[in-house]
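# Close look at the chain arrangement
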Amino acid sequence: MWDVTTSAEAHLRTLDALNSRRYLALLTSLATLTQRPPLRPKASRKPPGVMGRAVLKEYGRLTARVTHALELPPGTERDKALHEARKAAKRTRYATEPARDPLGKPAKRLGKRVKSVQKVLGDHQDSVVARDTLRELAVAAHAAGETAFVWGLLYGQEQAAADARERELPAVWATASRSGPRKALTR
């Protein structure tokens, strides 16, 4: 139920807070920040050059991670490297999104290509996680005296899906790595 006394006290506390030195200092700080933001020297440069270099820097990291992952033999280390490549693909893709207005179609095309790499790597990572869970379920079923056969079948299906994504990756990466959009970003 609504209490007039409590409401009046809350109103007075609110007015006190809004008139406090702390709140007024906050307002002053926010005004200063919006009127004179502490920008880095790069902020005064033309957006296409700065953004293009930033996107290409992320793309370089992605290239290093995909290359490293593809050089590893199948197994746990490769799975981890592919996951790191997926995270780099996400960062690269996200770097292209705000760059679309100043950089135009090259940024959009690169973003779409990297998204396809991210998708393949994401499907692979989903399979890695699913296989870990299926293994745990199979062990628990076996420990409970139940059959683990179905879990093994599901594990095999997930392994086949991961293998298919790994076989698909080189072609998807080759398409994403074509230099057209990247060359246009350096202009």
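Residues numbered from 1 in each chain as written. Predicted model: local features only at pLDDT ≥ 70, side-chain atom pairs only at ≥ 80, totals over all residues. Heavy atoms only, no water.

Okay, the pattern of salt bridges next. Counted by the stated rule, this structure contains nine salt bridges. Put simply, E77 and K80 hold a salt bridge, and the shortest N to O gap is 3.9 Å. Placement of both E77 and K80 in helix α4 (residues 76-96) is noted, with a separation of three residues, approximately one turn of the helix. Its relative accessible area of 52% is what places E77 among the exposed residues. (Salt bridge = Lys/Arg side-chain N within 4 Å of Asp/Glu carboxyl O. Helix = DSSP H or I, 4+ residues; strand = E, 2+ residues; numbered from the N terminus. Buried < 20%, exposed > 50% of the residue type's maximum accessible area, 1.4 Å probe, protein only.)

This next bit is on the nonpolar core. Counting residues in hydrophobic clusters, the biggest one holds 23 residues, and the most contacted among them are L62, L110, V117, L121, L169, W173 and L185. Secondary structure elements with two or more residues in this core: α3 (47-71), α4, α6 (105-143) and α7 (149-176). At six residues, the largest contribution of residues to this core is made by α6. Excluding residues that lie within four positions of it along the chain, L62 makes contacts with A85, A88, A89, T92, V114 and W173. (Core = buried A, V, L, I, M, F, W, Y, C linked by side-chain atoms within 4.5 Å. Contact = heavy atoms within 4.5 Å.)

This part covers the packing of aromatic side chains. For the coordinates displayed, the defined rule picks out one aromatic pair. Residues Y59 and W173 carry aromatic rings whose centres are separated by 5.8 Å and whose planes lie at 15° to one another, so their mutual orientation is stacked. Separated by 114 residues along the polypeptide, Y59 in helix α3 and W173 in helix α7 bring together distant segments of the chain. The buried category is assigned to Y59, whose relative accessible area is 5%. Judged by relative accessible area, which is 10%, W173 ranks as buried. (Phe/Tyr/Trp six-rings, centres within 6.5 Å; stacked < 30°, edge-to-face > 60°.)

With that settled, consider a nonpolar patch on the surface. Nonpolar side chains collect at one region of the surface, where L12, L15, L18, Y23, L24, L26, L27, L30 and L33 lie side by side and expose about 760 Å² of accessible area between them. Taken together, the elements giving at least two residues each to the nonpolar patch come down to α1 (4-18) and α2 (21-35). Top element by residues in the nonpolar patch is α2. It accounts for six residues. We classify L27 as partly exposed; its relative accessible area is 37%. (Patch = residues over 30% accessible without salt bridge, like charges linked within 9 Å, V, L, I, M, F, W, Y side chains within 5 Å. Areas by Shrake-Rupley, 256 points an atom, 1.4 Å probe, with all protein chains shown as cover.)

Next up on the list: the environment of H11. Assignment of secondary structure puts H11 in helix α1. Judged by its relative accessible area of 48%, H11 is partly exposed. C-alpha separation for the pair H11 and A144, spaced 133 residues apart in sequence, amounts to 62 Å.

Attention shifts here to a positive patch on the surface. Taken together, the side chains of R100, K105, K108, R109, K112 and K115 present a region of like positive charge at the surface. Ranked by residues supplied to the positive patch, first place goes to α6 with five residues. Assignment of secondary structure puts K115 in helix α6. (Lys, Arg positive; Asp, Glu negative; His and termini not counted. Charge placed at Lys NZ, Arg CZ, Asp CG, Glu CD.)

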